[in-house]
Amino acid sequence: MATFAVTRRFDLSDEQWARLAPLLPAAVRPGRPPRGSRRQLIDGIRRRFRVGAPWRDVPECYGSWQTAYALFRRWQRADIWQQILPALHALADASGRIGWDVGGDSIICRAHQHAAGACHHGDQQAGRLGGARHEPAGHALGRSRGGLSTKPHMACEANRLLLSLVKLPRVAR
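Residues numbered from 1 in each chain as written. Predicted model: local features only at pLDDT ≥ 70, side-chain atom pairs only at ≥ 80, totals over all residues. Heavy atoms only, no water.

Participant: Which residues make up helix α4 (residues 80-94), and what are the values?
Facilitator: The terminal C-alpha atoms of α4, which comprises 15 residues, lie 21 Å apart, in line with the 21 Å expected from a rise of 1.5 Å per residue. Turning to α4, its buried residues number three or more, namely I80, I84, H89 and A92. For α4, the arc enclosing every buried residue in end-on projection is 165 degrees, short of the 170-degree limit, so these residues lie on one face. Residues of α4 that are exposed and point more than 90 degrees away from the buried face comprise Q83 and A94. G96 lies just past α4 and shows a positive phi near 75 degrees. (Helix = DSSP H or I, 4+ residues; strand = E, 2+ residues; numbered from the N terminus. Expected span 1.5 Å × (residues − 1). Buried < 20%, exposed > 50% of the residue type's maximum accessible area, 1.4 Å probe, protein only. Arc of directions from axis to C-beta.)

Pasting the structure below:
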């Protein structure tokens, strides 16, 4: 396994990569291989979401931003990310790293007035947005006294690791 020195603060360590690498799907894309290694691309994806930057602002040390975005979207559409998280939870639980004192929290998120302009027949769209195959009926923006909003509910374990996230629409009472 080829490795490189982890000099960036929040990049995956060799130990973390050794746990994650077997859970990733085999690369089967034909054509020219990407400029960056898979580890670099995943670190670039993690950095993009950690700092909240646009895809174009992913530094070149992580490979091409287009390649990182393409990998992220391809795995999102194939539900790879949703398969990796439970597998990592199982590994952490088996090694005693998850404390099962679960805490829950929720928050009300206001939406911009233009956020309600989504297509009413999402199943007829050419490309699936967000990678969801079938959007649950409860996932939506709801009307409340304050306008359009949604209410995400989150469950975390004792070490502040996310276990579950559910979004419900807000409904005026």
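Participant: Mind laying out the packing of helix α2 (residues 38-51) against helix α3 (residues 65-77), listing which residues take part and the relevant values?
Facilitator: As a packed pair, α2 and α3 sit with axes 9 Å apart at the nearest point and diverge in direction by 85 degrees. Considered as vectors, α2 and α3 are oriented roughly perpendicular to each other. From α2, R38, L41, I42, I45 and F49 reach across to α3, where they touch T67, A68, L71, F72 and W75. Broken down by class, the residue content of the contact of α2 with α3 amounts to eight nonpolar, one polar and one charged. (Axes fitted to C-alpha atoms, helices over the stretch in contact; angles between N-to-C directions. Parallel < 35°, antiparallel > 145°, perpendicular 65-115°, else oblique. Contact = heavy atoms within 4.5 Å. Nonpolar A, V, L, I, M, F, W, Y, C, P; charged D, E, K, R; others polar.)

Participant: Explain the pairing of strand β4 (residues 147-156) to me, using residue names and the numbers behind them.
Facilitator: Here strand β1 (residues 103-106) runs beside β4; their pairing, made up of four bridges, is antiparallel. By the bridge assignment for β4, G104 is matched with A155. Here two bridges tie strand β2 (residues 109-110) to β4, and the two strands are oriented antiparallel to one another. Within the sheet, the bridge partner assigned to R110 lies in β4 and is S149. (Pairing = 2+ DSSP bridges.)

Participant: Can you break down the pattern of salt bridges residue by residue, with the values?
Facilitator: What the rule picks out here adds up to four salt bridges. Between E15 and R97 there is a salt bridge, with its nearest N and O atoms 3.4 Å apart. With E15 in helix α1 (residues 14-20) and R97 in the loop between α4 and β1, the pair connects residues that are 82 residues apart, well separated along the chain. A residue is classified by how much of its surface remains accessible, and E15, at 48% relative accessible area, is partly exposed. Of the residues examined, R97 reaches a relative accessible area of 41% and is grouped as partly exposed. A salt bridge links D43 to R46; the shortest N-O distance between them is 3.5 Å. Here D43 and its partner R46 are both found in helix α2, three residues apart, which amounts to about one turn of the helix. The class of D43 is buried, set by a relative accessible area of 1%. (Salt bridge = Lys/Arg side-chain N within 4 Å of Asp/Glu carboxyl O.)

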